[in-house]
Amino acid sequence: MRIPVAIFAILVVLCAVVLVLWTIDERPDSRGADHPVHETMRQGGSSERHDAVLPWGFLYGLLSIVLFVAVMALGLRRRGRLPAGSRRALWSGLALYALTFMLLVLSYRGYVEPGADHALFGSFPRPSAWMLYGIWPVPLLFALLYMWNFDRWVISEDEVAEFERLAAESKRQRGRDDAEGEG
């Protein structure tokens, strides 16, 4: 499938997910309940309040990650093709990002279950730790791949030289046109 068509399809499905979420009735406890001690605080309700929206939120998040990688692939295309090695790197990065997101959602789902183990990881609840130590750093891997492979994937030295040649030629032509206009 061509990348622009895939991006369009992802955007359409994302819109459909939002429309589905708009039609789901809001549960009375979806915004939490008053805290018994601190009146300015709210506390979560039952874990069942997530049952209707969590799968849709997971799908929306997963599609957003796929969209992120697809837009990167669109930017890397040269002459209608992805550069050598970039396809494997993008698929690997997508798999890692999607797996990390899935583990975040599963961790959250387990965390809100009644009687769940609320042990901390690195002084954070497990879902927060997945967010901080997993979801946040994975896009940095894409930035590093981009940086390390810039000359091969984005613009080569030959293309830079060609650009400089064309820019110099254009500048000379403008100089001639200006000289002719004055005469």
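See the structure shown above.
Moving on: helix α1 (residues 3–23). Counted at 1.5 Å a residue, the expected span for α1 with its 21 residues is 30 Å, and the 31 Å between its end C-alpha atoms agrees. Every buried residue belonging to α1 is among Ile 3, Ala 6, Ile 7, Ile 10, Leu 14 and Val 17, and all of these are buried. Looking down the long axis of α1, one finds its buried residues gathered within 100 degrees of arc, a one-sided arrangement. Exposed residues pointing more than 90 degrees away from the buried face of α1 are listed as Phe 8, Trp 22 and Thr 23. In this structure, the buried residues of α1 make contact with α2 (54–76).

A word on the side chain of Ser 156. Tracing the backbone through its elements, the reader meets Ser 156 in the loop between α6 (150–153) and α7 (157–182). Judged by its relative accessible area of 19%, Ser 156 is buried. Ser 156 has contacts with Arg 78 and Asp 151, leaving out every residue within four places of it along the chain.

All told, the structure shown has seven aromatic pairs when counted by the stated rule. Ring centres 6.4 Å apart and planes at 50 degrees place the aromatic pair Tyr 97 and Phe 142 in the tilted group. You can see Tyr 97 sitting in helix α3 (residues 86–112) and its partner Phe 142 sitting in helix α5 (residues 138–148), a full 45 residues away along the chain. Taking the relative accessible area as the measure of exposure, Tyr 97 reaches 11% and is therefore buried. Residues Phe 121 and Tyr 133 carry aromatic rings whose centres are separated by 6.1 Å and whose planes lie at 70 degrees to one another, so their mutual orientation is edge-to-face. One end of the pair, Phe 121, is in strand β3 (residues 120–121); the other, Tyr 133, is in helix α4 (residues 126–135), with twelve residues separating them in the sequence. Residue Phe 121 is classed as partly exposed on the basis of its relative accessible area, which comes to 48%. The exposure class assigned to Tyr 133 is partly exposed, which follows from its relative accessible area of 42%.

The rules behind the values
Residues numbered from 1 in each chain as written. Predicted model: local features only at pLDDT ≥ 70, side-chain atom pairs only at ≥ 80, totals over all residues. Heavy atoms only, no water. Helix = DSSP H or I, 4+ residues; strand = E, 2+ residues; numbered from the N terminus. Expected span 1.5 Å × (residues − 1). Buried < 20%, exposed > 50% of the residue type's maximum accessible area, 1.4 Å probe, protein only. Arc of directions from axis to C-beta. Contact = heavy atoms within 4.5 Å. Phe/Tyr/Trp six-rings, centres within 6.5 Å; stacked < 30°, edge-to-face > 60°.

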